Amino acid sequence: DVYPTVIGSTGVVLQVGRTRRLATPGQTVALTARDGGCSFPGCDRPPEWCERHHIVEWAQGGRTDLDNLTLLCAYHHHNFASRGWTCAMIDSLPAWIPPQWVDPEQRPLRHARITARQQGIGLRC
């Protein structure tokens, strides 16, 4: 069998498509670096307490690729949909769309930590 994958410059597999459902250890490291913890706006749960979430669900054909994964704490992973929230990738970063009762215009929200990490604010080198 041949399985298409995308490998980073250090040899870490970053995209596995539909060949496996669970994120690889390398993808988990990349998610930790990008998200820094639960990606739901305002949540302070660290990466160690997070689960990997397919933005387009695996059962709906979602791929196990970085551009379809984000970190969520167990609470947000199991409750966001029932509360009317959805997630989308915008500019390669997870953004959360609130239900109309929270924001009638449903403007996407991004966790401030993720925005700061992308701008290099608060990162230690």
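On a predicted model such as this, the values are computed, not experimentally measured, just so you know.

Rules used throughout
Residues numbered from 1 in each chain as written. Predicted model: local features only at pLDDT ≥ 70, side-chain atom pairs only at ≥ 80, totals over all residues. Heavy atoms only, no water. Helix = DSSP H or I, 4+ residues; strand = E, 2+ residues; numbered from the N terminus. Buried < 20%, exposed > 50% of the residue type's maximum accessible area, 1.4 Å probe, protein only. Areas by Shrake-Rupley, 256 points an atom, 1.4 Å probe, with all protein chains shown as cover. Core = buried A, V, L, I, M, F, W, Y, C linked by side-chain atoms within 4.5 Å. Contact = heavy atoms within 4.5 Å. Phe/Tyr/Trp six-rings, centres within 6.5 Å; stacked < 30°, edge-to-face > 60°. Pairing = 2+ DSSP bridges. Polar contact = N/O pair within 3.5 Å; in protein donor to acceptor, adjacent residues only side chain to side chain. Axes fitted to C-alpha atoms, helices over the stretch in contact; angles between N-to-C directions. Parallel < 35°, antiparallel > 145°, perpendicular 65-115°, else oblique. Nonpolar A, V, L, I, M, F, W, Y, C, P; charged D, E, K, R; others polar.

**Focus on the overall build of the protein**
Link 1 in the chain: When helices and strands are counted, the protein shows three helices and six strands.
Link 2 in the chain: The secondary structure elements of the protein, listed N-terminal to C-terminal, are β-β-α-β-β-α-β-β-α.
Link 3 in the chain: In the protein, which comprises 125 residues, the proportion classed as buried is 38%.
Link 4 in the chain: Of the roughly 7600 Å² of accessible surface on the protein, a fraction of 54% belongs to carbon and sulfur atoms.

**Considering the nonpolar core**
Link 1 in the chain: Among the nonpolar cores identified, the biggest contains 16 residues, and C38, F40, L72, F80 and W96 are the most heavily contacted of them.
Link 2 in the chain: With four residues, the top contributor of residues to this core is strand β4 (residues 69-73).
Link 3 in the chain: In this view, W96 contacts S39, F40, P41, L72, F80, W85, T86, C87, R107, P108 and L109; residues no more than four positions away in its chain are not counted.

**A closer look at the packing of aromatic side chains**
Link 1 in the chain: Overall, the coordinates contain three aromatic pairs when judged by the stated rule.
Link 2 in the chain: On the basis of an interplanar angle of 55 degrees and a centroid distance of 5.2 Å, the ring pair of F40 and W96 is categorised as tilted. Taken as a pair, F40 in the loop between α1 (25-35) and β3 (50-54) and W96 in strand β6 (residues 93-97) lie far apart in primary sequence, 56 residues in all. Both residues of the pair, F40 and W96, belong to the buried class.
Link 3 in the chain: Judged by centre distance (5.1 Å) and plane angle (75 degrees), the rings of F80 and W96 are edge-to-face.

**Concerning the pairing of strand β5 (residues 86-90)**
Link 1 in the chain: Note: β5 against β6, five bridges, orientation antiparallel. Counterpart to I90 in the pairing with β6 is L93.
Link 2 in the chain: Here β5 folds back onto β6, and the loop between the two strands holds two residues, one of which, D91, carries a positive phi near 55 degrees.

**So, the side chain of N68**
Link 1 in the chain: Following the sequence through the fold, N68 ends up in the loop between β3 and β4.
Link 2 in the chain: By relative accessible area, N68 is classed as buried at 7%.
Link 3 in the chain: A polar contact is formed between the side chain of N68 and the backbone oxygen of R63, at a distance of 2.8 Å.
Link 4 in the chain: When residues no more than four places from it in sequence are discounted, the contact partners of N68 are H53, H54, I55, V56, G62 and R63.

**Concerning the packing of α1 against helix α3 (residues 112-119)**
Link 1 in the chain: Between α1 and α3, the least distance of the axes is 7 Å, while the angle of their chain directions is 95 degrees. Classed by the angle they form, the pair α1 and α3 counts as roughly perpendicular. Facing α1, whose interface residues are T32, A33, R34 and D35, α3 presents R113, I114, R117 and Q118.
Link 2 in the chain: Each residue belonging to the contact of α1 with α3 can be placed in one class, and the counts come to two nonpolar, two polar and four charged.

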